[in-house]
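Residue strings, one per chain:
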Amino acid sequence: MTFITKTGGRRLCLWGTAGALALLAGTAQAQMVFTPGEGDFNWQSYEDFAAEHDLSGETVNIFGPWRGDDQALVESVLAYFAEATGANVSYASSETYEQQIVIDAEAGSPPNIAILPQPGLIADLVSKGFVEPLGEETADWLRENYAAGDSWVSLGSFPGPEGDSQLYAFPYKIDVKSLVWYVPENFEDAGYEVPETLEDLKTLTETMAEEGETPWCIGLGSGGATGWPATDWVEDLMLRVQPPEVYDQWVSNEIAFDDPRVIEAIEEFGWFARNDAFVAGGAGAVATTDFRESPNGLFASPPQCYLHHQASFIPTFFPEGTELGLDADFFYMPAYEGRDLGKPVLGAGTLAFITKDSPGARAFIEFLQTPIAHEIWMAQSGFLTPFKGANADTYGSEPLRKQGEILLDATTFRFDGSDLMPGAVGAGSFWTGMVDYVGGASAEDVAAEIQRSWDANK
């Protein structure tokens, strides 16, 4: 396991339980990929942080979900933390990282910092006393410096062992799901314009159908996970027909899944997905079309569809050689103008938290509050941030910058709801219920069945 050091040295060590043998760790010295003082980065924030922190001789163990190319990216950021502080910094991961962090915490040998994309798992660790609170000062920082700051404080706050809710986790590296993909050339040829409101999006959908075109490509197929793309649709629409507080009550089951407000969101999805004239292949094809293949209709000649709702990862499945911004582009899934709910954004992301307290662990959380900790990854790939103090000009591509703007413009951010629900619901009955719904079952019956599954798992 490699330690990145201020002096450039390298030494090997294993920490944790026997499960650490399964960990993936860097085997080469992570380098500072951008030279301090050059480019549009906020180097002053780096210099100020370095001047305030001397961790020479201290080891900071960091455990996260990133492997492969993503591991190289996170290690490129950690190199600056190590160089600034003089700390020995070790990053490790595992193919079963969700189980590994629990094993290490229960064995009393956790890393200093853990970073996970599952708020539910973090909440469980917090409730068992395995996570240290970050303090009100950090919560105030998030409120002030992250767009839709209260949303991020809420996301990282959990009831502790005594039941009192505090900030325990710091959101870092965010994904956006509130996106609609399209081909600019097709829009231009047909004379269509990007809609600014959900009312406009519905009008555009109807206009396309009236002109003999098929508006949407929708596919829910995903093997044993078939149905999950529909949950993203429903969650996005829930934030557009109800206040965020209702969304929170829904994902925690404070209101029942068959509450009329939830049924309304499901039927909003049905407006798009259950109309044969609106979907490529007709409504009957929605459940059987693989989500990875569903964007293909955007690129057919003539187009088989013009619109596709999916998260920021979907270009992975676009035809080889597709250039984002030219051959394909996206726009924010707009909100209803008439509902006065602002600009909600649905997404996911990772949260950093302290599982073994130390000066280095506290310093790392402070490091995440510097622009440079965001900008180094922004300038490469796969990283978005709601941090208003980070320079958006450092994004490595125009599509990333545009997605970053969506986060900065958000008035509300909410985490993927199905990921916050019990697994038997969020990765079970919610998925299958959506398949039943697009197959013709009523929203009321589907929602009632999902609620029964939730009750059975309490």
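What counts as what
- Residues numbered from 1 in each chain as written.
- Predicted model: local features only at pLDDT ≥ 70, side-chain atom pairs only at ≥ 80, totals over all residues.
- Heavy atoms only, no water.
- Pairing = 2+ DSSP bridges.
- Helix = DSSP H or I, 4+ residues; strand = E, 2+ residues; numbered from the N terminus.
- Contact = heavy atoms within 4.5 Å.
- Axes fitted to C-alpha atoms, helices over the stretch in contact; angles between N-to-C directions.
- 1 Å grid on protein atoms, 1.4 Å probe; cavity = no way out; pocket = protein on both sides within 12 Å on 5 of 7 lines; lining within 4 Å.
- Points joined across faces, edges and corners; volume = space filled by probe spheres on them.
- Nonpolar A, V, L, I, M, F, W, Y, C, P; charged D, E, K, R; others polar.
- Disulfide = S-S within 2.5 Å.
- Buried < 20%, exposed > 50% of the residue type's maximum accessible area, 1.4 Å probe, protein only.
- Parallel < 35°, antiparallel > 145°, perpendicular 65-115°, else oblique.
- Salt bridge = Lys/Arg side-chain N within 4 Å of Asp/Glu carboxyl O.
- Left-handed = near helix turned anticlockwise from the far one by under 90°.
- Expected span 1.5 Å × (residues − 1).
- Arc of directions from axis to C-beta.
- Polar contact = N/O pair within 3.5 Å; in protein donor to acceptor, adjacent residues only side chain to side chain.
- Core = buried A, V, L, I, M, F, W, Y, C linked by side-chain atoms within 4.5 Å.

A. Expanded view of the sheet that holds strand β9 (residues 179–182). Pairing is antiparallel across the open sheet formed by three strands, whose spatial order is β10-β9-β11. On the outer flanks of this sheet lie β10 (308–309) and β11 (329–332), each paired with one strand and no other. Strand direction decides the pairing type here: β9 and β10, joined by two bridges, are antiparallel. For Val 180, the partnering residue across the bridge sits in β10 and is His 309. Contacts from helix α14 (residues 398–409) reach β9 and β11 within the one sheet, and its direction differs from that of β11 by about 10 degrees.

B. Looking closely at the layout of surface pockets. Empty space within the largest pocket amounts to approximately 1,100 Å³. Looking at the largest pocket, it is lined by 44 residues, and the ones nearest its centre are Lys 173, Asp 175, Ser 312, Phe 313 and Ala 348. Within the residue set of the lining of the largest pocket, elements represented by two or more residues are α2 (69–85), α3 (97–106), β8 (170–176), α9 (228–241), β12 (344–354), α14, α15 (417–420) and α16 (423–438). Considering every element that reaches the lining of the largest pocket, the biggest residue donor is α16, with four residues. Class assignment for the residues of the lining of the largest pocket results in 22 nonpolar, 12 polar and 10 charged.

C. Layout of the state of the cysteines. Throughout the structure, instances matching the rule amount to one disulfide. A disulfide bridge connects Cys 217 with Cys 305, and the sulfur atoms are separated by 2.1 Å. Residues Cys 217 and Cys 305 are joined by a disulfide whose S-S torsion is about -105 degrees; by sign, that bridge is left-handed. Of this pair, Cys 217 sits in the loop between α8 (198–210) and α9 while Cys 305 sits in the loop between α11 (260–273) and β10, and the two are 88 residues apart along the sequence. Of the two residues, Cys 217 and Cys 305, neither departs from the other in class, the shared state being buried.

D. Structural context of the packing of α9 against helix α10 (residues 244–251). At a minimum axis separation of 8 Å, α9 and α10 run at an interaxial angle of 140 degrees. As the angle between them shows, α9 and α10 are arranged oblique. For the pair α9 and α10, the contacting residues are Val 234, Glu 235, Met 238 and Leu 239 in the first and Pro 244, Val 246, Tyr 247 and Trp 250 in the second. When grouped by side-chain class, the residues that make up the contact of α9 with α10 number seven nonpolar, no polar and one charged.

E. A look at the pattern of salt bridges. Evaluation of the coordinates by the stated rule reveals 18 salt bridges. The closest approach of N and O atoms between Lys 202 and Glu 268, which form a salt bridge, is 3.1 Å. In this pair, Lys 202 is assigned in helix α8 and Glu 268 in helix α11, connecting sequence segments 66 residues apart. Judged on exposure class, the residue Lys 202 and its partner Glu 268 are both buried.

F. Quick peek at the packing of α9 against α11. In the contact formed by α9 and α11, the axes pass within 8 Å of each other and the chain directions differ by 120 degrees. Considering the angle they form, α9 stands oblique to α11. The crossing of α9 and α11 is right-handed. Within the contact between the two elements, α9 uses Ala 230, Trp 233, Val 234, Leu 237, Met 238 and Val 241 and α11 uses Arg 261, Val 262, Glu 264, Ala 265, Ile 266, Glu 268, Phe 269 and Phe 272. Each residue belonging to the contact of α9 with α11 can be placed in one class, and the counts come to 11 nonpolar, no polar and three charged.

G. Focus on α14. For α14, which comprises 12 residues, the first-to-last C-alpha distance of 16 Å matches the rise-based estimate of 16 Å (1.5 Å per residue) to within 8%. For α14, the set of buried residues is Pro 399, Leu 400, Gln 403, Gly 404, Ile 406 and Leu 407. Burial along α14 is one-sided: seen end-on, the buried residues are contained in an arc of 150 degrees. Between the side-chain oxygen at the start of α14 and the backbone nitrogen of Leu 400 there is a gap of 3.3 Å, and the oxygen is on Ser 397.

H. Focus on the nonpolar core. Ile 62, Phe 81, Ile 113, Phe 170, Phe 364 and Phe 367 are the most contacted members of the largest nonpolar core, which has 90 residues in total. The dominant element in this core, judged by the number of residues it contributes, is α2, at eight residues. Apart from residues lying up to four places away in sequence, Ile 113 is in contact with Asn 61, Ile 62, Phe 63, Ala 352, Phe 353, Ile 354, Thr 355, Ala 361, Phe 364 and Ile 365. Ranked by size, the runner-up nonpolar core spans 52 residues in total, among them Leu 201, Leu 204, Met 238 and Val 286.

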